[in-house]
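# Secondary and tertiary structure notes
Given next are the chains, with one letter for each unit.
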Amino acid sequence: MIRIRCVVWMCLGLLAACGSLVPEAPPAPATVTARLGGALQVSPAPLEFGTRKVGTANDLSVTVTNTDPIEDITVSSLQIVRDPNGSTGPFMLSSVPVTPLTLKAGASASLKVRFAPSGAGNFFGRLELTSDVTTSLSSVELSGTGTVDTPPFVLSPSLIDFGVRRPGSPSTQLQVTVRNTSSATVVITKVLSTQGAFSVVGPSTPFPIDTGATETLNLVFTPSSLEQFSGELIVENDKPLTAHVSLSGSGGQPSLAVVPDGGFLEFEVHAGVPSSLPVTLTNEGKLPLTVNSVGLTGHDAAFFSLALPTLPLTLNPSASTLVPVTFSPTTQRHYLAGMVVSSDDPKQPTLFMELVGYSVCSDLEFSPGLLDFGVQLQGTSSVARSLRITNGPWLPVTVSRLEIEGLGTSPFSLVPPPALPFTLPENQSKALSVTFTPTETGQAHARLVVTCDEPGAPKVVLDLSGTGISSVLSVSRPQLDFGTVVLPGFAAGQFTLTNISQESIQLDEPRLENQDPPAQFRANLETDVLGPGESISVDVFYEPGVSTAAYATLVFDTVVPKLPRAAQVGLRGQALDSLLEMEPVDALLDFGRVDVGKSSQSREVRITNRYSTPRQVSVRELTQDVFKVDASGLKAPIAPGQTATVGVTFAPKKAGLIEGELLLQASGDEEPLILTLKGDGRSIGLEGGSGCGSTGGGLAVPALLALLVLGSRRRARG
């Protein structure tokens, strides 16, 4: 076929070269044809749908032709895709032949492509064909434009922002103009707002608008809360076609803030020396704030003054103004007044700031500024702590009183108390010493108060604190549980002893109390001296000798200071021969009397695994064959906390008491579980020709007499 095709084309080429035998080709048709590969053509291409209204559809026909004069072409697939995501968009195949489609030489096939826009805009796509004459997809570009009906009127402006309004306060009216842009009268049938905070004030619907005429709609914004509001104004005619205006606004109010916050301004100066501090008024709200007045009030208002701006004063959002406050004391005492600010802040129209002034006792001060004794053993005195009281550079000062104030009897003491009064010249100091002797446990607080000799002078105060403790030792674990130990093993535990006092302590040898049974526990102490805050690890060992629970109390006494039972730790442990538990708990299974030649009912032995890992249990030995064991329950390992059962029966072969043992071995255990088995074989017939069993003769004799009597009666009847 290939050779014949080549010959045909060669002949046609020669005829074309001669010119006299082949007529000229007719002019190309007006329709554009795309060559898709090989001899396959599609027409028209590209496929342009032009403009279509949204919601309508248009179908265009496409012809696919096999222009090869000899061979067939097979089209394997036809599909429409849209760039860039591969979806079809508004294009689809409305009429398409079944694929695969075989086109004979010179044959054609038709299909239809539909354009149905769902929205306004330009749309593009591709018609893709796959055939056996091309190695890649062949495509025809698709295009179309979707349009929507435009309402015959326009709204102006398209966006209205009402800004910030107080909640519940209507805004001024803002206007929207409706203009008829058509050549006919427009009838407006609906005017509404999608958000209730925006209301429309205007003509009642329906109302007409003549060609080129306008109508005005008035809008009002009334916020209901302090938040942002948004919505739309919708205007609709009788077609119906709509136009929209975006609406926005927010609820807000002025808000006065004062710095320093907390409502408190404090001065500390020397008598006769004025001092100024700034107060900042800020509008932290969303609307302008009007400050109407700023004034002073209180008993000592005359000793304070304000540098005021011109009032009333309007502060825009985030704006601030400074109000300097000056304190001018005349004597050494405590002064108290207030600053009052009046504004249109709806939450706090009147704001009050307390003004406090101290005219200090020269420059007396303590060093350090705080005396904390930490922890101290109840009933003992701490080391004396030193401090200094120092005068400043201004004037000599006379200390008339020096005392410790607190609730009840103070555990703090001046040692020794200084002689009073005493005078401190400028820049001079005096050393003092204080001790802490707690009489009870818990935190203690007091104040060392210095009083000057000037009338009305404030006091100088040093805070004192400390904590009383009942012991100098703390333990990290007041209870030490060693858990379960399998004999002949042991267990070790550890805890920490800490010196919580401020002094070094010396430990006595630890001792064990309340041991049950004795000699089960022992403790090792590496050192007997602990400095303040130091800790030591104590190792304790549990070495049981018998299978039982053990208890004890490990007691620590201190030699320095002398304190019995400064700390104690409870000890406990449990020793077992094995962590496998067996029921019956007495390890005895007594079957009682069972007739010779018969078997007892099966008795159950329960084995519980108390280990933390599975254990495989098996029958190690059975010493008497008259006892039978059903160990099918032991095929799988026993999981932790689970129980397995073993069945045991007794089938005596002769009369008499029989004893044996069942030995069960668990993986990982050295010693087996031993269960004692007992049973009594009972015979009720002749045994060995004597007519008496070893244990059953008392029953055999009456039975024999009964048989003799029965035989004599039968002979008499015969």
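Residues numbered from 1 in each chain as written. Predicted model: local features only at pLDDT ≥ 70, side-chain atom pairs only at ≥ 80, totals over all residues. Heavy atoms only, no water.

### With respect to the sheet that holds strand 26 (residues 320-327)
- Strand order in the open sheet made by the 4 strands is 20-22-26-24, with antiparallel pairing throughout. The sheet is open, and its two edges are formed by strand 20 (256-259) and strand 24 (304-306), each paired on a single side. Direction aside, neighbouring strands of the sheet carry axes that sit 25° apart on average. (Pairing = 2+ DSSP bridges. Helix = DSSP H or I, 4+ residues; strand = E, 2+ residues; numbered from the N terminus. Axes fitted to C-alpha atoms, helices over the stretch in contact; angles between N-to-C directions.)

### Some words on the layout of surface pockets
- Counted as a void, the largest pocket has a volume near 370 Å³.
- What lines the largest pocket is a set of 16 residues, among which V486, L576, D577, S578 and L673 lie closest to the centre.
- For the lining of the largest pocket, the residue count by class is 8 nonpolar, 3 polar and 5 charged. (1 Å grid on protein atoms, 1.4 Å probe; cavity = no way out; pocket = protein on both sides within 12 Å on 5 of 7 lines; lining within 4 Å. Points joined across faces, edges and corners; volume = space filled by probe spheres on them. Nonpolar A, V, L, I, M, F, W, Y, C, P; charged D, E, K, R; others polar.)

### Thoughts on the confidence of the model for the protein chain
- Across the protein chain, pLDDT averages 84, with 87% of residues at or above 70.
- In this model, residues 1-35 is a region of pLDDT below 50 whose contacts with residues beyond four sequence positions or in other chains number 25 contacts.
- Note on residues 686-718: pLDDT is under 50 here. Beyond four places in sequence and across chains, it has 10 contacts. (pLDDT = per-residue confidence, 0-100. Contact = heavy atoms within 4.5 Å.)

### Quick notes on the pattern of salt bridges
- Enumeration over the complete set of coordinates arrives at 19 salt bridges.
- Between R565 and E513 there is a salt bridge whose closest N-O contact spans 2.8 Å. Of this pair, R565 sits in strand 47 (residues 563-576) while E513 sits in strand 42 (residues 511-516), placing them 52 residues apart in sequence.
- Accessibility expressed as a relative area gives 38% for R565, which makes it partly exposed.
- Bridged by salt links that share partners, the residues R511, E513, D557 and R565 form one connected network. (Salt bridge = Lys/Arg side-chain N within 4 Å of Asp/Glu carboxyl O. Buried < 20%, exposed > 50% of the residue type's maximum accessible area, 1.4 Å probe, protein only.)

### What to know about the sheet that holds strand 36 (residues 442-452)
- Spatially, 30-37-36-32-34 is the arrangement adopted by the 5 strands of the open sheet, whose pairing is mixed. Bordering the open sheet on either side are strand 30 (370-377) and strand 34 (422-424), each of which pairs with just one other strand. Taken pair by pair, the neighbouring strands of this sheet meet at an average axis angle of 30°, ignoring direction.
- Relative to strand 36, strand 32 (residues 397-406) is paired through 7 bridges, and the arrangement is antiparallel. Of the residues in strand 36, the one forming a bridge with R401 is T451.

### What about the packing of aromatic side chains?
- The tally for this structure, following the rule as stated, stands at 23 aromatic pairs.
- Residues F267 and F327 carry aromatic rings whose centres are separated by 5.6 Å and whose planes lie at 45° to one another, so their mutual orientation is tilted. Here the residue F267 occupies a position in strand 21 (residues 264-269), and F327 occupies one in strand 26, the gap between them amounting to 60 residues.
- Judged by relative accessible area, F327 falls into the buried class, the value being 0%.
- Aromatic pair F627 and F650: ring centres 5.0 Å apart, planes at 25°, arrangement stacked. (Phe/Tyr/Trp six-rings, centres within 6.5 Å; stacked < 30°, edge-to-face > 60°.)

### Here we look at the environment of P157
- If you trace the backbone, P157 turns up in the loop between strand 11 (153-156) and strand 12 (159-165).
- Look at P157 and you get partly exposed, because its relative accessible area is 34%.
- C-alpha of P157 to C-alpha of T177: the two residues are 20 residues apart in sequence and 7.4 Å apart in space.
- Other than its neighbours up to four places away in sequence, P157 contacts Q175, V176 and V245.

### Brief notes about unusual backbone geometry
- Going from A45 to P46, the amide bond is cis rather than trans, its omega being -5°.
- Within the element layout of this structure, P46 appears in the loop between strand 2 (40-43) and strand 3 (47-53).
- With an omega of -10°, the peptide bond between D516 and P517 qualifies as cis.
- Secondary-structure assignment places P517 in the loop between strand 42 and strand 43 (521-524).
- The backbone of S318 sits at a positive phi, close to 75°, despite the residue not being glycine.
- As for its position among the elements, S318 is in the loop between strand 25 (313-315) and strand 26.

### Let's talk about the environment of S224
- Position of S224 relative to the elements: it lies in the loop between strand 17 (214-221) and strand 18 (228-237).
- Separated by 27 residues in the primary sequence, S224 and G251 place their C-alpha atoms 7.1 Å from one another.
- Non-local contacts of S224, meaning those with residues more than four positions away in its chain, are made with P167 and F229.

### A short note on the pairing of strand 35 (residues 429-436)
- When strand 31 (residues 385-390) meets strand 35, the two strands line up antiparallel, connected through 6 bridges. When the bridges of strand 35 are listed, L387 appears paired with L432.
- Of the pairings in the sheet, the one linking strand 33 (residues 412-414) to strand 35 comprises 3 bridges and is antiparallel in character. The partner of L414 across the bridge, within strand 35, is V434.

### Some details on the nonpolar core
- One finds L473, F482, F495, L497, V540, F556 and L571 to be the most contacted residues of the largest nonpolar core, which totals 28 residues.
- Of all the elements in the fold, those that place two or more residues in this core are strand 39 (479-486), strand 40 (491-499), strand 41 (505-507), strand 45 (535-542), strand 46 (549-560) and strand 47.
- Residues contacting L473, with those up to four places away along its chain left out, are L497, T498, N499, I500, I505, L507, L530, F556, T558, A566 and A567.
- Within the second largest apolar cluster, 26 residues are counted, among which are L579, M582, F591 and L634. (Core = buried A, V, L, I, M, F, W, Y, C linked by side-chain atoms within 4.5 Å.)

### Brief notes about the environment of L675
- Tracing the backbone shows L675 in strand 55 (residues 673-682).
- Note: C-alpha distance between L675 and V585 (90 residues apart in sequence) is 9.6 Å.
- The contact partners of L675, leaving out residues within four places of it in the chain, are M582, P584, A587, L588, L589, V605, G660, E661 and L662.

### Brief notes about a negative patch on the surface
- A grouping of D590, E621, E659 and E661 is seen on the molecular surface, where their side chains present a negatively charged patch.
- Since its relative accessible area comes to 40%, E621 is described here as partly exposed. (Patch = residues over 30% accessible without salt bridge, like charges linked within 9 Å, V, L, I, M, F, W, Y side chains within 5 Å. Areas by Shrake-Rupley, 256 points an atom, 1.4 Å probe, with all protein chains shown as cover. Lys, Arg positive; Asp, Glu negative; His and termini not counted. Charge placed at Lys NZ, Arg CZ, Asp CG, Glu CD.)

### As for the side chain of T65
- By secondary structure assignment, the location of T65 is in strand 4 (residues 58-66).
- Polar contacts involving the side chain of T65 include one to the side chain of S108, which spans 2.8 Å.
- Not counting residues up to four positions away in its chain, the partners in contact with T65 are A39, L40, Q41, L103, A107 and S108. (Polar contact = N/O pair within 3.5 Å; in protein donor to acceptor, adjacent residues only side chain to side chain.)

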